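Descriptive structure summary
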Amino acid sequence: MKKILLAALLPVLFFSCTEPENKTAGNDTPAKADATVKVLPPVSNYTNPDRSPMDIVYFPTDYPLLKMTGKTTTPPLMRVIYSRPQKQGRQIFGGLVQYNMPWRLGANESTEIELFSAATVAGKPVKPGRYILYCIPQETKWTFVLNSNLYSWGLEQNRQKDLMQFEVPVEKTNLAIEYFTIACEKKSEKSTALVFLWDDVKAKLPVSF
Amino acid sequence: MRKTSILVCLLISFFFSFSQTTRPPEVDKSPMDVSYYPNNYPILKIQNKATEPLVVRILYSRPQKQGRKVFGELVEFGKVWRLGANEATEIEFYKDVKIGGKKVPKGRYTLYGIVSENVWTMIINKDTDTWGAFKYDSKKDVLRTDVPAQKTDEVVESMSMFFEKTANGISLIIAWEQLKVALPITL
């Protein structure tokens, strides 16, 4: 078994050394592809799942499961609905996602954040409600923006509907994350950091209730 | 070359995954999806092409058939089903509507179904943000209404939901395997 593993690893090591030459070629990205999106009649009504699937994050983490198993009886505090693009060998920040340009924090629709109670986000008070959340990434910091233009596709932001901004530093991760991920890093029952992970970048937005 | 690179990346991430202590959540096997009426509302909105306001949004997770027998086995007849996978299916109305002759005030609800070969009982329930139908409580029902099930010509691999315009309003179409129902919604 060990030999087989080794045999499998050798070509991996070999190819991974030759890999960088090809990195810059071909950047046909899903994010760019939908820049020209038109509403076309579907070939079949029964579409396939999206290439960048939607996902949902609650705080408390896994709230629906907690509720189902009877481990919570209080309402949820927050939820985020976003779509999860994949790295697929591409350079993400400063490449696919350009610096200093608004980014939808995902794919497809704008990322939606709902605060079920009054919250403090990165030190600023925010009223309960549903917002869209996007960011303007830079190499060392991200500016998160809450905006009221709900139910919009994420390629264009209506900047006139911006409500608040929060600046946070970014960290580097040791390992490239394939799927764009939003998760909650719990600090206490009522306090968390929304963590945004993709490629080798990690940003944290503190939220407390 | 591209295929090789993908394979290499997969292998590398596979081997590295052993040494990693914390890993971010994987992508769901039954991915979440969303449908709106008007269809594709978010795209229409940013193109300024929306001719009517947003009426309804449905959030559900899409299990795949994957060669299994779905109705009667995987989804048992006569039991309350979450109409998807993972979290219970959420339907949100942005205006008051009527379903099965009853008023549904605008708001966020959970949609369940009791399936059979010929008739599905659709349930609108007030208990939101829950998982599956495991804690389904009929006391929180807003309404129940029966709709006939029809056969589809094609086999639907991924459970699908979308809205269609009708003479009286819209219908929510739900299809999987070879069964399909239409839930009429009067606007």
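Rules of the game
Sequence order sets the numbering: in each chain, residues are counted from 1 along the sequence as written. Each chain is given a letter, starting from A, and each ligand a number, starting from 1, according to the order in which they appear as written. Side-chain atom pairs in this predicted model are given and counted only at pLDDT of 80 or more, local residue features only at pLDDT of at least 70, and totals for whole chains, interfaces and linings cover all residues. Based on all heavy atoms of the structure, the side-chain values leave hydrogens and waters out of the count. Counting from the N terminus, the helices are the DSSP runs of H or I reaching at least four residues and the strands are the DSSP runs of E reaching at least two. Whether a residue is buried, partly exposed or exposed follows from its accessible area with a 1.4 Å probe, protein chains only, as a fraction of its type maximum: under 20%, in between, or over 50%, in that order. Only the protein chains shown count as covering a residue, and every accessible area follows the Shrake-Rupley method with a 1.4 Å probe. Contacts are assigned to residue pairs that have any heavy atoms within 4.5 Å of one another. Pairing of aromatic side chains requires ring centres within 6.5 Å, counting the rings of Phe and Tyr and the six-membered ring of Trp. Pairs whose planes differ by under 30 degrees are stacked, by over 60 edge-to-face, and all others tilted. Polar contact criterion, stated in full: a pair of N or O atoms within 3.5 Å, where within protein one must be able to donate a hydrogen and the other to accept it, and residues adjacent in sequence count only if both atoms are side-chain atoms. Working definition of a nonpolar core: buried Ala, Val, Leu, Ile, Met, Phe, Trp, Tyr and Cys residues. They are joined through side-chain atoms within 4.5 Å. When two cysteine sulfur atoms are found within 2.5 Å, that pair is recorded as a disulfide. Strands were regarded as paired on the criterion that DSSP finds at least two bridges between them.

1. Observations regarding the overall build of chain B
Across its full length, chain B carries 2 helices and 10 strands. Reading the helices (α) and strands (β) of chain B from amino to carboxyl end gives α-β-α-β-β-β-β-β-β-β-β-β. Of all 187 residues assigned to chain B, the portion counted as buried reaches 53%. Counting every atom, chain B has about 9300 Å² of accessible surface; 52% of that belongs to carbon and sulfur.

2. Some thoughts on the overall build of chain A
A count of helices and strands for chain A gives 3 helices and 9 strands. The order of helices and strands in chain A, counted from the N terminus, is α-α-β-α-β-β-β-β-β-β-β-β. Expressed as a percentage of the 209 residues in chain A, the buried residues total 45%. Of the contacts formed within chain A by residues at least 6 apart in sequence, a portion of 60% connects residues at least 24 apart.

3. Let's talk about unusual backbone geometry
For the bond from Phe59 of chain A to Pro60 of chain A, the omega torsion is 0°, close enough to zero to count as cis. If you trace the backbone, Pro60 of chain A turns up in the loop between strand 1 (54-59) and helix 3 (63-68). Here the amide bond leading from Tyr37 of chain B into Pro38 of chain B is cis, since omega sits at -5°, within 30 degrees of zero. If you trace the backbone, Pro38 of chain B turns up in the loop between strand 1 (32-37) and helix 2 (41-46). You will see that Asn48 of chain B, though not glycine, has its phi angle at about 55°, which is positive.

4. With respect to the packing of aromatic side chains
Centre distance and the angle of the planes are the two values used to describe a pair of aromatic rings. All names here are of chain B. Scanning the model with the defined rule gives 21 aromatic pairs over all chains in all. Plain terms: the ring middles of Phe71 and Trp120 are 5.4 Å apart, the flat faces sit at 55° to each other, and that makes the pair tilted. Here the residue Phe71 occupies a position in the loop between strand 2 (56-61) and strand 3 (80-81), and Trp120 occupies one in strand 8 (residues 119-125), the gap between them amounting to 49 residues. Residue classification places Phe71 among the buried residues on the basis of a relative accessible area of 3%. Relative to Trp176, the ring of Phe71 has its centre 6.2 Å away and its plane inclined at 85°; by these criteria the two rings are edge-to-face. Here Phe71, found in the loop between strand 2 and strand 3, pairs with Trp176, found in strand 10 (residues 169-186); they are 105 residues apart in sequence, far enough to count as distant. For Trp176, a relative accessible area of 2% puts it in the buried group.

5. Some points on the environment of Glu52 of chain B
Residues and elements named next belong to chain B. With respect to the element layout, Glu52 can be found in the loop between helix 2 and strand 2. The partly exposed category is assigned to Glu52, whose relative accessible area is 27%. Setting aside anything within four residues of it in sequence, one finds Glu52 in contact with Tyr37, Pro38, Tyr41 and Lys165. Of the polar contacts made by the side chain of Glu52, one reaches the side chain of Tyr37; its length is 3.1 Å.

6. Considering the nonpolar core
Core analysis: the largest hydrophobic core is formed by 36 residues, its most contacted members being Trp142, Phe144, Leu194 and Phe196 of chain A. Broken down by secondary-structure element, the contributors of at least two residues to this core are strand 1, strand 2 (78-83), strand 3 (111-115), strand 4 (119-121), strand 6 (129-137), strand 7 (141-147), strand 8 (162-188) and strand 9 (191-208) of chain A. The dominant element in this core, judged by the number of residues it contributes, is strand 9 of chain A, at 7 residues. Not counting residues within four places of it along the chain, the set of residues in contact with Phe144 of chain A comprises Leu105, Leu133, Tyr134, Cys135, Met164, Gln165, Phe166, Val168, Phe196, Ala203 and Leu205 of chain A. Among the nonpolar cores identified, the runner-up in size contains 35 residues, and Ala149, Met159, Phe163 and Ile185 of chain B belong to it.

7. Overview of the state of the cysteines
Residue and element names in this part refer to chain A. Evaluated as defined, the whole model comprises 0 disulfides over all chains. Lacking any disulfide linkage, Cys135 is separated from the closest cysteine sulfur, that of Cys184, by 17 Å. Taking the relative accessible area as the measure of exposure, Cys135 reaches 0% and is therefore buried. Overall, Cys184 belongs to the buried group, its relative accessible area being 16%.

8. Quick notes on the pairing of strand 7 (residues 107-114) of chain B
All names here are of chain B. Along strand 7, 8 of the 8 residues are buried, which leaves the element largely enclosed by surrounding structure. Side-chain alternation along strand 7 places Gly107, Tyr109, Leu111 and Gly113 on one buried face and Arg108, Thr110, Tyr112 and Ile114 on a second face that is also buried. Here 5 bridges tie strand 4 (residues 89-93) to strand 7, and the two strands are oriented antiparallel to one another. Its bridge partner lying in strand 7, Phe93 is registered against Gly107. Bridge analysis of strand 7 against strand 8 gives 5 bridges, and the strand direction is antiparallel. Looking at strand 8, one finds that Thr110 is bridged to Asn125. Between strand 7 and strand 8, which pair antiparallel one after the other, the connecting turn spans 4 residues.

Shape descriptors only; they carry no functional weight alone.
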